[in-house]
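# Topology and contacts: notes
Chain by chain, the residues run as shown.
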Amino acid sequence: MAGGALTKLHTRLTEILGIQHPIISAPMAFAAGGKLAAAVTAAGGLGLIGGGYGDAKWLEREFSEARNTRVGCGFITWSLAQHPALLELILAHSPAAVMLSFGSPAPFAPRIKAAGVKLICQVQNMEHARAAVDVDADIIVAQGAEAGGHGLVRSTFTLVPEIADYLAKVAPATVLVAAGGVADGRGLAAALMLGAEGTLIGSRFWASAEALVHPALQKAAIAADGDATTRTTVVDIVRKIGWPTPFTARVIKTNFVNEWHGREAELTEPALIEREMNRYLTAMQNGDPDNTGVWVGEATGLIDDVRPAADLLQKIVADAERLLGVSIGVQI
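Residues numbered from 1 in each chain as written. Predicted model: local features only at pLDDT ≥ 70, side-chain atom pairs only at ≥ 80, totals over all residues. Heavy atoms only, no water.

Let's shift gears to helix H9 (residues 185–193). Within the sequence span of H9, burial applies to Gly185, Gly187, Leu188, Ala189, Ala191 and Leu192. Tucked into the core, H9 has its buried residues touching strand E1 (23–25), strand E8 (175–179), strand E9 (199–201) and helix H16 (309–324). Looking one or two places after H9, you find glycine 195, whose phi comes out positive at around 115°. (Buried < 20%, exposed > 50% of the residue type's maximum accessible area, 1.4 Å probe, protein only. Helix = DSSP H or I, 4+ residues; strand = E, 2+ residues; numbered from the N terminus. Contact = heavy atoms within 4.5 Å.)

For leucine 13, the location among the structural elements is in helix H1 (residues 12–17). A C-alpha to C-alpha distance of 7.9 Å links leucine 13 and leucine 176, two positions 163 residues apart in sequence. When near neighbours in sequence (up to four residues on either side) are disregarded, leucine 13 contacts Ile19, Pro22, Ile23, Ile24, Ile139, Val175, Val177, Glu197, Gly198 and Thr199.

Attention now goes to the environment of alanine 320. Residue placement: alanine 320 occurs in helix H16. For alanine 320 and lysine 118, which are 202 residues apart along the polypeptide, the C-alpha to C-alpha distance reads 26 Å. Ignoring anything within four residues of it in the chain, the contact list for alanine 320 reads Leu9, Gly185, Leu188 and Ala189.

The next subject is the layout of surface pockets. Roughly 930 Å³ of volume is contained in the largest pocket. The set of elements that each furnish at least two residues to the lining of the largest pocket consists of strand E3 (72–76), strand E4 (97–101), strand E7 (149–151), E9, helix H10 (203–206) and helix H15 (270–286). A per-element tally of the lining of the largest pocket places H15 first, with four residues. Partitioned by chemical class, the residues of the lining of the largest pocket number 28 nonpolar, 17 polar and three charged. (1 Å grid on protein atoms, 1.4 Å probe; cavity = no way out; pocket = protein on both sides within 12 Å on 5 of 7 lines; lining within 4 Å. Points joined across faces, edges and corners; volume = space filled by probe spheres on them. Nonpolar A, V, L, I, M, F, W, Y, C, P; charged D, E, K, R; others polar.)

For sheets, the rule is that strands pair by backbone hydrogen bonds, running either parallel or antiparallel. Spatial strand order, E7-E11-E10: three strands in an open sheet with antiparallel pairing. With partners counted over all chains shown, the strands left at the sheet margins are E7 and strand E10 (229–232), one partner each. Shown here is a sheet whose adjacent strand axes are inclined to one another by a mean of 30°, direction ignored. The pairing of E7 with strand E11 (residues 248–252) spans three bridges and is antiparallel. What sits directly across from glycine 149, in E11, is arginine 250. (Pairing = 2+ DSSP bridges. Axes fitted to C-alpha atoms, helices over the stretch in contact; angles between N-to-C directions.)

Going from threonine 245 to proline 246, the amide bond is cis rather than trans, its omega being 10°. Assignment of secondary structure puts proline 246 in the loop between helix H12 (234–237) and E11. Here arginine 67, not a glycine, exhibits a phi torsion of approximately 50°, which is positive. Within the element layout of this structure, arginine 67 appears in the loop between helix H3 (56–65) and E3. Phi is positive for lysine 240, close to 60°, though the residue is something other than glycine.

This is the structure in structure tokens:
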């Protein structure tokens, strides 16, 4: 265990990953770099670098930024299938875990397991959960639609216990983690009560000091509430990223999103999409939230500041411990 002491929230997740607290940071594409992953690991959780859409130079740089801290990496599985050499690149860094999401894990699971690396499969429904069990996933992350970024339509509050019941019957050794809408100690406590043994947190760490996110976009998220988000395909169409159906992205309803949501067919016109892609990417780089996508989930209504990831993690854990009334050495 990290720190050499038994954590108050001692679960099978902390055991299997050798961490102090049952928290994993989500491998958010373009936002979860080496500094964020390393900060979460140093604070007692496990940080994951976002594999994104297959940029080898970016991944090498971000693993270097982690400075030999024990971190993992997450991949958009259908994109990894287009760049399979990236898996070997990552395995060469001896990651603590590799997470696969948004596609069949079957082509990559055997290699990850053979390398002695923990396999995490993020799932969005029961079909995905069954596929993860079939490839002997060590950890399954049940992601509800409340989450920022890509996902499906099941909610965290029902998906997690349903998968917990399923695993208890068919794969009791598999560890379950909850994701989607978790941003504070209440969310962690609720995840444990629903049958998970930890949580994967995205949006709250997106609004951290170490995240690769423009401060103006973080400020826009702080000002928003959960009602200000929506699920859409506009942010993928404009970037010319062909996400498979039925996945959609949850983002804040910025002026850009509101302008094009419902007009997706128009946005595919060649001259128009070039103009709008330039608008979107320039605004993302320059911190203009009105003209780009702000990639947070419904938990944006629970975010009121930007702080170091370690501070966020420690408060989440302390609040969960208080709510659960646990004491040192008690196993959840």
